Amino acid sequence: MFDKYGRHIHYLRISLTDACNLRCVYCMPEDVTFKPRSELLEDEEILRLVRIFAHLGVDKIRLTGGEPTIRPRLVELVRQIKRVSGIRELAMTTNGILLPELAHPLKMAGLDRVNISLDTLDPHKFHAITRWGHLEDVWAGINAAEAAGLEPIKINSVVTRGFNEEDVVDLARLTLDHPWDVRFIELMPVGGIAEFAQSAVVPSRETRERIEKALGPLQEVAGHDPRDPARPYRLPGAQGRIGFIDSISNPFCAGCTRIRLTADGKLRLCLLHDTEVDLLTPLREGADDETLARIIREAVWEKPWGHGLARNVIPRSRHMSQIGG
Ligand code: SAM
Ligand code: SF4
């Protein structure tokens, strides 16, 4: 599929649930409420849509949330998605907490790799950012993912002023001894936390300067995939890599190949635009595959270019947890 700007769209992110076992301050308000199950896509509905997307040329899928690992029957769903003809790569973004029990079965079911979110190595700060989480649970999850072969492990760190801007040095240091990609993400103003986020963004330039001041100059790694929003760097002698995802200060819209399916069955064409196309209603009203494929193709053609954050146009219709990042 192509959009009207000529971008080749072949990467689908599926949010499996809007619910989560944490409440990260940059993702959702504390008093968030979740959608009733009846409004969320069933396993069979997800699989049917995946087959249609695959037929339209999607070859890479990332499962996200909310927290994807809290979805019942996840392992079986992963197995079925991976069996769909045309799906070449199946990844997941998770907070890692449930990986000690799930990493091995997920790998056996066909999951290729995981991105795990971790914003600090300080247990007190971790607790404050997630509103109740325990750092050791995530650490156990990372180890379980590595032991299960869900590699390369990528660590996602959102940098939030007043919470963890100093912690980027310790996170970057992890790459010295581990073959992990640590990626620092600029905080995005989305949904109910938008005002907070606008006051707490730390530009990637500042994060990079902080890391280089403490650990030495970063070297650019050759062979950057232009579809990957994070250009890779390496500390001298490090096993792993460091990246920066600067959605605010350096948008990567020209290289965007993605679309998103929300847990309640809406096709979201850009993370930072509220434009969505409803797939759940036609699906439940009995639309055939050809009709659903036409709706998807027409929606993708209209995928927006760029975001309006610089002009203070904020996506407000959903929290990040309802989109999946
Ligand atoms: N629960 C899973 C997790 O935390 O990895 C998956 C869903 S979460 C919404 C996906 C990614 O979005 C995570 O890496 C998270 O850190 C990131 N994220 C959440 N809110 C964000 C925000 N306001 N700005 C930038 N990234 C954000
Ligand atoms: Fe949950 Fe992930 Fe959002 Fe944190 S970032 S509240 S773990 S969905």
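Residues numbered from 1 in each chain as written. Chains lettered and ligands numbered in written order. Predicted model: local features only at pLDDT ≥ 70, side-chain atom pairs only at ≥ 80, totals over all residues. Heavy atoms only, no water.

J.: What is the right way to read the site of ligand 1 from this model?
T.: Close contacts around ligand 1 come from 20 residues, with Tyr-26, Gly-66, Glu-67, Ser-117 and Met-188 the closest. Between ligand 1 and Ser-117, the relevant distance is 2.6 Å, taken from an oxygen atom to a side-chain nitrogen or oxygen of the residue. Starting from 540 Å² of accessible surface for ligand 1 in isolation, the protein chains cover 95%. Of the residues that constitute the shell around ligand 1, the class distribution is eight nonpolar, ten polar and two charged. (Near = heavy atom within 4 Å. Polar contact = N/O pair within 3.5 Å; in protein donor to acceptor, adjacent residues only side chain to side chain. Areas by Shrake-Rupley, 256 points an atom, 1.4 Å probe, with all protein chains shown as cover. Nonpolar A, V, L, I, M, F, W, Y, C, P; charged D, E, K, R; others polar.)

J.: How should I be thinking about the packing of aromatic side chains in this particular structure?
T.: The description of an aromatic ring pair rests on the distance of the ring centres and on the angle between the ring planes. If you walk through the whole model with that rule in mind, you get five aromatic pairs. Consider the rings of Trp-139 and Trp-180, whose centres lie 5.8 Å apart with planes at 70 degrees: the pair is edge-to-face. A residue pair is termed long-range when its members are at least 10 positions apart, and Trp-139 in helix H5 (residues 135-148) and Trp-180 in the loop between helix H6 (168-177) and strand S6 (181-186) qualify at 41 residues. Relative to Phe-196, the ring of Phe-163 lies with its centre 6.0 Å away and its plane at 90 degrees, an arrangement referred to as edge-to-face. In this pair, Phe-163 sits in the loop between strand S5 (154-159) and H6 while Phe-196 sits in helix H7 (residues 194-200), placing the two residues 33 residues apart along the sequence. Note on Phe-163: relative accessible area 24%, which makes it partly exposed. (Phe/Tyr/Trp six-rings, centres within 6.5 Å; stacked < 30°, edge-to-face > 60°. Helix = DSSP H or I, 4+ residues; strand = E, 2+ residues; numbered from the N terminus. Buried < 20%, exposed > 50% of the residue type's maximum accessible area, 1.4 Å probe, protein only.)

J.: Help me understand the layout of surface pockets in this model?
T.: Sizing a probe to match a water molecule and rolling it over the atoms shows the empty space that remains. Computed from the structure, the second largest pocket encloses a volume of approximately 330 Å³. Surrounding the second largest pocket, 18 residues form its lining, Pro-229, Arg-231, Phe-244, Asp-246 and Asn-250 being those nearest its centre. If you tally residues by element for the lining of the second largest pocket, the top one is helix H8 (residues 204-215), at three residues. Among the residues making up the lining of the second largest pocket, the classes are represented as seven nonpolar, five polar and six charged. (1 Å grid on protein atoms, 1.4 Å probe; cavity = no way out; pocket = protein on both sides within 12 Å on 5 of 7 lines; lining within 4 Å. Points joined across faces, edges and corners; volume = space filled by probe spheres on them.)

Structural measurements only, silent on function.
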